[in-house]
Amino acid sequence: MGQTSKPIVRVTQIEAFRRWIQQSEYDNYEISEQSVIDSITQEFSGNEYTRIGTAFHSIVETGQPVSEKVPAGTRKFTYYGKEMEEPVPCGRKFDIDGHDVIFDVPQCKVALDYRAEHPQAYHEIREYRDFGKAIVTGCADMIDGVEIRDIKTKYSTPKDSDYINSCQWRYYMELFNVTTFHFDLFVFNDYKLDKHGYDVRGLQLTRHDPITVYRYPGLENDNANLLNDFLDWAGTRNLIKYLLKERI
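These remarks concern the structure in this document. Everything numeric in this text was worked out from a predicted model, so none of it was measured. (Residues numbered from 1 in each chain as written. Predicted model: local features only at pLDDT ≥ 70, side-chain atom pairs only at ≥ 80, totals over all residues. Heavy atoms only, no water.)

### Some words on a nonpolar patch on the surface
Step number 1: Side chains of Tyr79, Tyr80 and Met84 sit close together on the surface and give an oily, nonpolar patch of about 400 Å² of accessible area.
Step number 2: If you trace the backbone, Tyr80 turns up in the loop between strand E3 (73–79) and strand E4 (82–88).
Step number 3: Judged by relative accessible area, Tyr80 falls into the exposed class, the value being 76%. (Patch = residues over 30% accessible without salt bridge, like charges linked within 9 Å, V, L, I, M, F, W, Y side chains within 5 Å. Areas by Shrake-Rupley, 256 points an atom, 1.4 Å probe, with all protein chains shown as cover. Salt bridge = Lys/Arg side-chain N within 4 Å of Asp/Glu carboxyl O. Helix = DSSP H or I, 4+ residues; strand = E, 2+ residues; numbered from the N terminus. Buried < 20%, exposed > 50% of the residue type's maximum accessible area, 1.4 Å probe, protein only.)

Here is the structure:
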């Protein structure tokens, strides 16, 4: 793979760094420095959470993603050491990276209704911007007119401050030259990884109120300062070489 003269940094990598350096005892997550390093040196292969999200995105993006009908049946699981089972309705199966993600019909309808609200939106648009010391890149889920909408599938009650404090929307304001950014959150209520895995049929899918943020004076300086901090840290950890690569 060829190299560029400047580092190319994903917004997701900067956000991982920000969460690590800004985390506090009040956060409901813990970010290690090693996890930030891994976001730079390793390709993320995905997991149940991200692949369920990808299936949801595919419905929103295309309206008719490739899928197969799945009949109603039962789900088997272990509860306090005892084998249990419960009925699950019919649904649709999506092949995501070789894994079968299964939604029920009402869940698919949530995604289709959301798509119908934004019929003129552009989906999955990637941009690059030269910030001087590095090129920053990010991919917008949806651009609807002069606004960005970012789709998040969640598996527990979301915390608004996690999104308001995020640097994602701040960099996207510059990358896409917009002033308004919406986080649209969809929560699979009562999801349990060991019970549901990739089959979320029967779970209520709730749409959270949008979290909307706006461009503000000084945003560009905030972005530049955080990027400089990230690059300084990456330099001390000998990580810049991993960022000198062809465009993503």
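### A look at the pairing of strand E9 (residues 147–154)
Step number 1: For strand E8 (residues 135–144) and E9, the ladder comprises three bridges, and the chain directions are antiparallel. Across the sheet, Asp144 pairs through a bridge with Glu147, a residue of E9.
Step number 2: Pairing of E9 with strand E10 (residues 180–188), which is carried by eight bridges, proceeds in the parallel orientation. Within the sheet, the bridge partner assigned to Thr153 lies in E10 and is Phe186. (Pairing = 2+ DSSP bridges.)

### Overview of the sheet that holds strand E5 (residues 91–96)
Step number 1: Taken in spatial order, the three strands of this open sheet run E2-E5-E6, and their pairing is antiparallel. The sheet is open, and its two edges are formed by strand E2 (68–70) and strand E6 (99–104), each paired on a single side. The mean inter-strand angle of the sheet, taken between neighbouring strand axes irrespective of direction, is 40°.
Step number 2: When E5 meets E6, the two strands line up antiparallel, connected through six bridges. The partner of Gly91 across the bridge, within E6, is Asp104.
Step number 3: Contacts between helix H3 (residues 48–62) and the sheet are confined to E5 and E6, with E6 contributing the most and set at about 60° to the helix. (Axes fitted to C-alpha atoms, helices over the stretch in contact; angles between N-to-C directions. Contact = heavy atoms within 4.5 Å.)

### Concerning helix H4 (residues 105–117)
Step number 1: Over its 13 residues, H4 runs 19 Å from end to end, which matches the ideal 18 Å to within 8%, given 1.5 Å per residue.
Step number 2: Residues of H4 that are buried include every one of Gln107, Cys108, Ala111 and Tyr114, and no others. Seen along its axis, H4 keeps its buried residues to an arc of 125°; they face one direction. Of the residues in H4, the exposed ones pointing more than 90 degrees away from the buried face are Pro106 and Ala116.
Step number 3: At the N-terminal end of H4, a side-chain oxygen is found 2.9 Å from the backbone nitrogen of Gln107, two or three residues along, and the residue is Asp104. (Expected span 1.5 Å × (residues − 1). Arc of directions from axis to C-beta. Polar contact = N/O pair within 3.5 Å; in protein donor to acceptor, adjacent residues only side chain to side chain.)

### Notes on the packing of aromatic side chains
Step number 1: All told, the structure shown has 20 aromatic pairs when counted by the stated rule.
Step number 2: Here Phe17 and Trp233 contribute two aromatic rings whose centre-to-centre distance is 5.4 Å and whose plane-to-plane angle is 35°, an arrangement assigned as tilted. Here Phe17, found in helix H1 (residues 11–22), pairs with Trp233, found in helix H8 (residues 219–236); they are 216 residues apart in sequence, far enough to count as distant. Here the two residues Phe17 and Trp233 agree in accessibility, since each one is buried.
Step number 3: Aromatic ring contacts, followed pair by pair, group Tyr49, Phe94, Phe103, Tyr155, Phe188 and Tyr191 into a single cluster.
Step number 4: Stacked on the ring of Phe131, the Lys or Arg Arg129 has its end atom at 5.9 Å from the ring centre.
Step number 5: The side chain of Lys195 reaches across the aromatic face of Phe77, ending 4.3 Å from its centre. (Phe/Tyr/Trp six-rings, centres within 6.5 Å; stacked < 30°, edge-to-face > 60°. Lys NZ or Arg CZ within 6 Å of the ring centre and 35° of its normal.)

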